[in-house]
Amino acid sequence: MAGRATFTGWGKCVPPVKLTNADLEHLVDTDDDWIVERTGIRERGISHVETTDLAEVAALKALAAAGLEAADIDMLILATVTPEITCPSNACFLQERLGAVNAAAFDLNAACSGWIYGTATASSMIAAGVAERVLLVGAEKLHWVMDYWDRATCILFGDGAGAAVLEPSDTGEGVLAADLGADGVAGRTMVFPTLGTRGRLSSVRDPFVHRLHFDGRAVFKIAVQGIEASVRRALDRAGLDLADVDAVIPHQANERIISAAARRLGIDTDRVMLNIGTHGNSAAASVPMALVDALEAGLIRPGSIVVQTAFGGGVTWGSTVTRWGERVEPLGGCDAALPACDETVFDLLAPNRDFYAPLHPDPAVDPVA
Ligand code: UT7
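Moving on to helix 8 (residues 216-238). Between its first and last C-alpha atoms helix 8 spans 32 Å; for 23 residues at 1.5 Å apiece the expected length is 33 Å, and the two agree. Of the positions making up helix 8, those classed as buried are V219, A223, V224, G226, I227, E228, S230, V231, A234 and L235. Buried positions along helix 8 lie against strand 8 (174-182), strand 9 (190-191), strand 10 (213-214), helix 9 (255-265), strand 12 (305-312) and strand 13 (316-323). Phi turns positive, to about 70 degrees, at G239, one or two residues after helix 8.

What follows is about the environment of F220. Looking at the element boundaries, F220 is found in helix 8. For the pair F220 and N254, spaced 34 residues apart in sequence, the C-alpha to C-alpha distance is 8.5 Å. Once residues lying within four places of it in the same chain are set aside, the contact partners of F220 are N254, R256 and I257.

Let us look at the sheet that holds strand 11 (residues 247-250). Read from one edge of the open sheet, four strands run 8-13-12-11, paired in mixed fashion. One side of each edge strand has no neighbouring strand; the edge strands of this open sheet are strand 8 and strand 11. Strand-to-strand twist across the sheet, computed as the mean angle between neighbouring axes with direction ignored, equals 15 degrees. Bridge analysis of strand 12 against strand 13 gives eight bridges, and the strand direction is antiparallel. By the bridge assignment, I305 is partnered in strand 13 with R323. Together, strand 8, strand 12 and strand 13 form the strand contacts of helix 8, whose direction differs from that of strand 8 by roughly 140 degrees.

Extensive coverage of strand 4 (residues 75-79) is indicated by the burial of five of its five residues. Inspection of the sheet shows strand 4 paired to strand 5 (residues 104-108) by five bridges, in the parallel sense. Pairing of M75 across the sheet is with A104, part of strand 5. The β-α-β motif built from strand 4, the intervening helix 4 (residues 90-98) and the parallel element strand 5 has right-handed crossover chirality. Two strands pair when backbone bridges link them, and strand 4 and strand 6 (residues 134-140) are joined in this way by five bridges, in the parallel orientation. Its bridge partner being in strand 6, I77 is matched across the sheet by L136.

The next subject is the site of the ligand. Residues in close proximity to the ligand total 24 residues, the closest being T30, R38, R217, N254 and N281. For the ligand, a nitrogen atom lies 2.6 Å from a polar atom in the side chain of T30. With respect to the ligand, the backbone of G216 contributes an N or O atom lying 3.0 Å from a nitrogen atom. Surface burial for the ligand is 77%, taken as the share of its 950 Å² of free accessible area covered by protein chains. Those elements giving two or more residues to the shell around the ligand turn out to be helix 2 (32-39), helix 6 (151-154), helix 8 and helix 9. The element contributing the most residues to the shell around the ligand is helix 8, with four residues. Its residues placed into classes, the shell around the ligand shows 12 nonpolar, six polar and six charged.

Below, the discussion takes up the pattern of salt bridges. Throughout the structure, instances matching the rule amount to 12 salt bridges. Of the charged contacts in the structure, one is a salt bridge between R97 and D53, with a shortest N-O distance of 2.9 Å. Of this pair, R97 sits in helix 4 while D53 sits in helix 3 (residues 51-66); the two residues are 44 residues apart in sequence, bridging distant segments of the chain. Among the residues examined, R97 registers a relative accessible area of 38% and is labelled partly exposed. As a salt-bridge pair, R264 and E228 come within 2.8 Å of each other at their nearest N and O atoms. Taken together, the residues R264 in helix 9 and E228 in helix 8 connect sequence positions 36 residues apart. Residues joined in a network through salt bridges with shared partners are D53, E56 and R97.

Basis of the calculations
- Residues numbered from 1 in each chain as written.
- Predicted model: local features only at pLDDT ≥ 70, side-chain atom pairs only at ≥ 80, totals over all residues.
- Heavy atoms only, no water.
- Helix = DSSP H or I, 4+ residues; strand = E, 2+ residues; numbered from the N terminus.
- Expected span 1.5 Å × (residues − 1).
- Buried < 20%, exposed > 50% of the residue type's maximum accessible area, 1.4 Å probe, protein only.
- Contact = heavy atoms within 4.5 Å.
- Pairing = 2+ DSSP bridges.
- Axes fitted to C-alpha atoms, helices over the stretch in contact; angles between N-to-C directions.
- Right-handed = clockwise from strand over helix to strand, strands pointing away.
- Near = heavy atom within 4 Å.
- Polar contact = N/O pair within 3.5 Å; in protein donor to acceptor, adjacent residues only side chain to side chain.
- Areas by Shrake-Rupley, 256 points an atom, 1.4 Å probe, with all protein chains shown as cover.
- Nonpolar A, V, L, I, M, F, W, Y, C, P; charged D, E, K, R; others polar.
- Salt bridge = Lys/Arg side-chain N within 4 Å of Asp/Glu carboxyl O.

Now the structure itself:
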């Protein structure tokens, strides 16, 4: 056994163009108060580039923070539900882009739980000696599947990427335990049927099939209960109690889900990372972006016990428990950035509005069920 996997580098990429609640008021029948009160979200990133571009910036920052070159990586895992195409994988695109010539590469789909599944996979591979230096990335261009006529879903999601490098350590730090789970029956609460082989061959995309279908209330309940149970199981496996936890980095789906789960666990909100206000729900990118923000905010300190937890489409859920290492500062900086964008958020969302318009012949009526 090669020891535990510890986080040695981290980075994120946030698109420069924001979709604010005020912007949404121009698109759907909603208002800032409703969105903030029900979700905690004020703005979210809308990407003018592809998933790989977001992933690349986050990955370069993570590599610099770990003091490594791309060629040092021997495994690249990219968690996403919005890959550019199905084959080659987005991970292979990224491997080429970075010049990570010594890395095996694959995509991982566990929706919003992708980062947690990825962390468990990376740390198990390191412990088993299959990989030594893993680059784990969560990246999403979720606005691609978003119907910006449907106020119940389009207010929630944003684009972005987060990345980390995991390496072996024999000093007691690293990923101590993980809990992973899934329930395919409940999976019907959150579906976007596009990007697969289901259905008839057709060169025309059907907007109804393409869009995200989602039962927000059902997901809400599953999420609160799922997170609580998963965190308890992961801590139990690590031989730790809730009182030992210094920082919780939850999937940023809804501030009310996070507070309800924290309340049920008896964890004060000052130990919980919240950045949903500025990012929205960015699926597999959500936890790693929150992890980076937690490090920058000083929520994670040397030796902290850190719980990362998520739930998402599938449905899937998972939690990891990590004893952070001594280093909470990056070894090196990196000025990688996305190209500038000269389009407005309304320009970027215009194709979505046109594409989904046939589903909403009368925009005054509530969106299609
Ligand atoms: O990553 C995992 C995926 N996603 C999630 O975790 C999200 C989980 N679910 C949620 O976050 C919440 O269920 C939502 C934010 C989606 C909805 O919040 P809610 O408090 O459950 O609202 P609701 O669905 O019960 O809707 C209450 C009312 C409805 O009107 P009526 O039927 O009471 O007249 C909705 O039509 O609010 C209406 N509504 C809106 N009003 C203003 C729904 N969306 C909006 C909106 N603005 N954007």
